[in-house]
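# What the coordinates show
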Amino acid sequence: MEQPHKRKRKSHELSNSQPSDREPATSTSANAREGDFMEGAIVRITMHNFLTYDHSEVFPGPKLNMIVGANGTGKSSIVCAICLGLAGKTSVLGRGDKVGLYVKRGCQRGSVEIELYRTRGNLIVTREIQVENNQSTWMLNKKHASQKAVEEAVRELHIQVGNLCQFLPQEKVGEFAKMSNSELLEATEKSVGPPEMYEFHCELKTFRTKERDLEVIKDLQLRTIYTAEERYNVKKSAYSNNVVSSNSALRPPQFLTTTIDVEERRQLEEQLRAAERQKQSIDQRMAAIREQQANLDRRDNELRANKKKLSDLKSKKRQLEQKISTKQDSLRQMEQNEINLVAIEEEANAKIAAVNNKKVTIMGEYLSHLQSKARLNMEKVYLALQSAGLSAEKTKLETDVRESSAELKRAEVDYTKLDKIKTNLLMTCKTLMKRASEICNMTPGETAVPEELHAAFSLLPETLDEIDAMLNEERTRAECFTGLSDAVVDEYNRREQEIKNLEKELDDKTNELTTYRRNIAEAKERWLNPLKKLVELINVRFSDFFQSMQCAGEVDLHSENEEEYDKYGIRIQVQFRRNTRMHELTPHHQSGGERSVTTMLYLMSLQELNRCPFRVVDEINQGMDPVNERRVFDIVVRAACGVNTSQYFFITPKLLQNLQYAEQMTILCVHNGPQMLPPNKWNEKAFIQRARRRNRT
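Residues numbered from 1 in each chain as written. Predicted model: local features only at pLDDT ≥ 70, side-chain atom pairs only at ≥ 80, totals over all residues. Heavy atoms only, no water.

Looking up the protein chain in an unreviewed UniProt entry gives the name Structural maintenance of chromosomes protein 5, with the organism given as Danio rerio. According to UniProt, the comment filed for the protein chain under the heading Sequence similarities (unreviewed entry) is "Belongs to the SMC family. SMC5 subfamily." (UniProt positions renumbered as here; feature names shortened; annotations may be inferred.)

Take a look at the structure:
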């Protein structure tokens, strides 16, 4: 930071390519071509009034970038610019908690602009910070945007400045060794795993949490122990085997030790007798209904017989009417014949008068005629009597027909009443059947009685005498509880309903548990196998790095319980001396230098897996002995400058002499002081020429 009595300092950073007013930008890195950058790599960093910088631009290379400079020159300011410029939180840096503190002292606002490589066109992210209200203004490609839009754009490029496996600032180096195995696993999944790997892991943890809750509900072991005055509940979880006990005082006994109220008992007995009388009345009504049904059946049969008899009478009536009609025709014929006899008689009288001589003969014939006439008259009388008898019989038949018709109408009325009774009985039967189906938990329309009901019915008596005996027995038992209060009955009913609700809830939870277990099995298969392969790849690289240092290291996927997915973690074990065994990396067992070496080599093991576009490690070599620092540097150069590796930022205040460098490296030297030139006046070629002239002289 500048001192008040000194002239205002200009901070400047030498990079492999700086703009100039006089000459075009050049590059000292052989591979600093745009085509070598990976998707999301940093092409340019511009800082204005940010921490120690008035204005500066940094042009990193596509592979390993060594940022070197004395303490306080502004190396870590570049790390802060990367973090805050890509929508990172101030807590990631471990420095100031307010973003306004990162603006250069004495200025009211500062800005960071980061250009990220994209094949479809670079993305420029700009953040302007106001000191007054600690607020920021964001832009994407020079257009105003929200912070959420910036975060989404950064996430699409797989940039995770909050992941210690990708972004390790100076203040967080010591925290890497303090990470738990589970935290390290999640950070590794986010950094180098497929995008869906961490999502599957989160799903598994969520499913397992719910499954654990359901298992506790389903498999909870419960025991109740009674003493003379208290009740003890002992619960033991089948999942964790934790035992929890509770006790409560027993209520005073309410049955055998309760004083019997004689009046209340008399009332209860009267109620029982009234119920018995009501039952008998119902039985009598049912018997009367059954008897009425039998009478109606008999009446129905009688009416059917009468109907048949009436039909026969109607047929006989038709026959008699036919006979009467025939007799009446004969009678009319005979009357016609009587008229002809009178004419004959007149003719005979005329002839008698004319022929006297034949008087005797004619008289004889006349007498014969009179006899014939007498016979005809007798026959006519007989026919008239017969006709009168038939008329009387016809009248009687008509009377019978009218009586039968009236009786038929009464029978039809009885039939209507019978149909109503049958309908009422049928409705009653259907109602009772529906109620029985509900009680037996049978679905509507189901006619087959469940097997369990058959088994229950088989235990019941089969005769009326046995049923009466069972009722008497149950009645006797009920009389033993004459002192039972309404509160106890209400409590019993409430507990019974609670049991039913709990049984239903248990069934629902069991089905839900089955579903979660199926989901867990599917998600586990998609998550665990790729994770094991990923950890094995990391272990191979990690072991090779340690072996090249004449040490031993190992990375494995560790879990004490395979079903507890929140307990899975990556375990790092190292051995730095031959006479010791491997120890797990902890904040206390290894020295600070050993922890730094382990951290650096683990990060380098992730380098070739290469899902994140860049990594940042700030001054991790502090505390290393020269031998380990040289070995780590060689490993970093080989791994970060290889083929298909992501961009790497390695910040250090110093470098050992005679290190092996690679042409793919980019060295960024940070200088600071009162005599520094502003960036727009810096010329790299002129600086090199002046240095050569000084060397010649």
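Turning to the packing of aromatic side chains, a few remarks are in order. A complete count under the given rule lists ten aromatic pairs for this structure. Relative to Tyr102, the ring of Phe50 has its centre 6.5 Å away and its plane inclined at 20°; by these criteria the two rings are stacked. Linking Phe50 in strand β2 (residues 42-50) with Tyr102 in the loop between α2 (90-93) and β5 (109-116), this pair joins segments that are 52 residues apart in sequence. Taken as a pair, Phe50 and Tyr102 share a single burial class, namely buried. Between the aromatic rings of Trp527 and Tyr568, the centroid separation amounts to 5.2 Å while the plane-to-plane angle is 80°, which identifies the pairing as edge-to-face. Of the two residues, Trp527 sits in helix α11 (residues 486-548) while Tyr568 sits in the loop between β13 (552-558) and β14 (569-575), which places them 41 residues apart along the sequence. You can call Trp527 buried: its relative accessible area is 0%. Here the basic side chain of Arg526 rests over the ring of Phe200, its NZ or CZ set 4.6 Å away from the ring centre. (Phe/Tyr/Trp six-rings, centres within 6.5 Å; stacked < 30°, edge-to-face > 60°. Helix = DSSP H or I, 4+ residues; strand = E, 2+ residues; numbered from the N terminus. Buried < 20%, exposed > 50% of the residue type's maximum accessible area, 1.4 Å probe, protein only. Lys NZ or Arg CZ within 6 Å of the ring centre and 35° of its normal.)

What follows is about the nonpolar core. As a rule of thumb, nonpolar side chains are buried together in soluble globular proteins. Leu64, Phe176, Trp527, Ile572, Met600, Tyr602 and Tyr648 are the most contacted members of the largest nonpolar core, which has 61 residues in total. Per element, the largest residue contribution to this core is twelve residues, and it comes from α11. The next biggest cluster of nonpolar side chains, apart from the first, holds 44 residues, and it includes Leu51, Val103, Leu123 and Val125. (Core = buried A, V, L, I, M, F, W, Y, C linked by side-chain atoms within 4.5 Å.)

It is worth spelling out a negative patch on the surface at this point. A surface patch of like charges, here negative, comprises Glu462, Asp465, Glu466 and Asp468. On the secondary structure map, Glu466 appears in helix α10 (residues 464-479). Classification of Glu466 as partly exposed rests on a relative accessible area of 42%. (Patch = residues over 30% accessible without salt bridge, like charges linked within 9 Å, V, L, I, M, F, W, Y side chains within 5 Å. Areas by Shrake-Rupley, 256 points an atom, 1.4 Å probe, with all protein chains shown as cover. Salt bridge = Lys/Arg side-chain N within 4 Å of Asp/Glu carboxyl O. Lys, Arg positive; Asp, Glu negative; His and termini not counted. Charge placed at Lys NZ, Arg CZ, Asp CG, Glu CD.)

Attention now moves to the pairing of strand β16 (residues 614-618). Most of β16 is tucked away: five of the five residues are buried. Judged by which residues are buried, β16 turns out to be covered on both faces: Phe614, Val616 and Asp618 on one side and Arg615 and Val617 on the other are all buried. Bridge count between strand β9 (residues 167-168) and β16: two bridges; the pairing is parallel. Note that in β16 the partner of Phe167 across the bridge is Val616. Pairing between β16 and strand β17 (residues 647-652): five bridges, direction parallel. Note that in β17 the partner of Asp618 across the bridge is Ile651. (Pairing = 2+ DSSP bridges.)

Let us now look at a nonpolar patch on the surface. A surface patch of nonpolar side chains, amounting to about 270 Å² of accessible area, comprises Phe457, Leu460 and Met470. Tracing the sequence through the fold places Leu460 in the loop between α9 (451-458) and α10. Residue classification places Leu460 among the partly exposed residues on the basis of a relative accessible area of 42%.

Another point: the sheet that holds β14. Sheet strands associate in pairs through backbone hydrogen bonding, adopting either a parallel or an antiparallel arrangement. Strand order in the open sheet formed by three strands is β13-β14-β15, and the pairing between neighbours is antiparallel. Here the strands that pair on one side only, and so sit at the sheet edges, are β13 and β15 (583-584). As judged from the seven bridges shared by β13 and β14, these two strands associate in the antiparallel manner. Residue Val555 lies in a different strand from β14, and its bridge partner there is Ile572. Across the sheet, helix α5 (residues 181-192) lies against β13, β14 and β15, angled at about 105° from β14, the strand it touches most. (Contact = heavy atoms within 4.5 Å. Axes fitted to C-alpha atoms, helices over the stretch in contact; angles between N-to-C directions.)

Residue placement: Gln166 occurs in the loop between α3 (147-156) and β9. When the C-alpha positions of Gln166 and Leu603 are compared, they lie 7.9 Å apart, and in sequence the two are 437 residues distant. Leave out the neighbours within four places in its chain, and Gln166 touches His158, Ile159, Gln160, Ser191, Cys612, Pro613, Phe614, Arg615 and Val616. In this structure the side chain of Gln166 is engaged in a polar contact, spanning 3.2 Å, whose partner is the backbone oxygen of Phe614. (Polar contact = N/O pair within 3.5 Å; in protein donor to acceptor, adjacent residues only side chain to side chain.)

The six strands are arranged β3-β2-β5-β6-β7-β8 in an open sheet whose pairing can be described as antiparallel. Each having just a single partner strand, β3 (53-58) and β8 (143-145) make up the two edges of the open sheet. Going across the sheet, the axis of each strand differs from the next one's by a mean of 20°, ignoring polarity. Bridge count between strand β6 (residues 123-130) and strand β7 (residues 135-140): six bridges; the pairing is antiparallel. Considered in β7, the bridge of Thr126 is made with Met139. Its contacts with the sheet place helix α1 (residues 75-85) against β2, β3, β5, β6 and β7, and it is angled at close to 105° to β2. On top of the sheet, α3 reaches β6, β7 and β8; it is set at about 55° to β7, its chief contact.

This part is about α5. Its twelve residues place the ends of α5 16 Å apart at the C-alpha level, agreeing with the 16 Å of an ideal helix rising 1.5 Å per residue. Those residues of α5 not exposed but buried are Leu184, Leu185, Ala187, Thr188, Glu189, Ser191 and Val192. (Expected span 1.5 Å × (residues − 1).)

Per the stated rule, a full pass over the model turns up 13 salt bridges. Salt-bridge contacts for Glu115 lead to Arg44; the nearest nitrogen and oxygen are separated by 3.0 Å. Taken as a pair, Glu115 in strand β5 and Arg44 in strand β2 lie far apart in primary sequence, 71 residues in all. Taking the shortest distance from any N to any O, the salt bridge between Glu152 and Arg155 comes out at 2.6 Å. Taken together, the residues Glu152 and Arg155, both in helix α3 and three residues apart, mark about one turn of the helix. On the accessibility criterion, Glu152 (38% relative accessible area) is partly exposed.

The grouping of Arg690, Arg692, Arg693, Arg694 and Arg696 at the surface amounts to a positive patch. Within the fold, Arg692 resides in helix α14 (residues 684-696).

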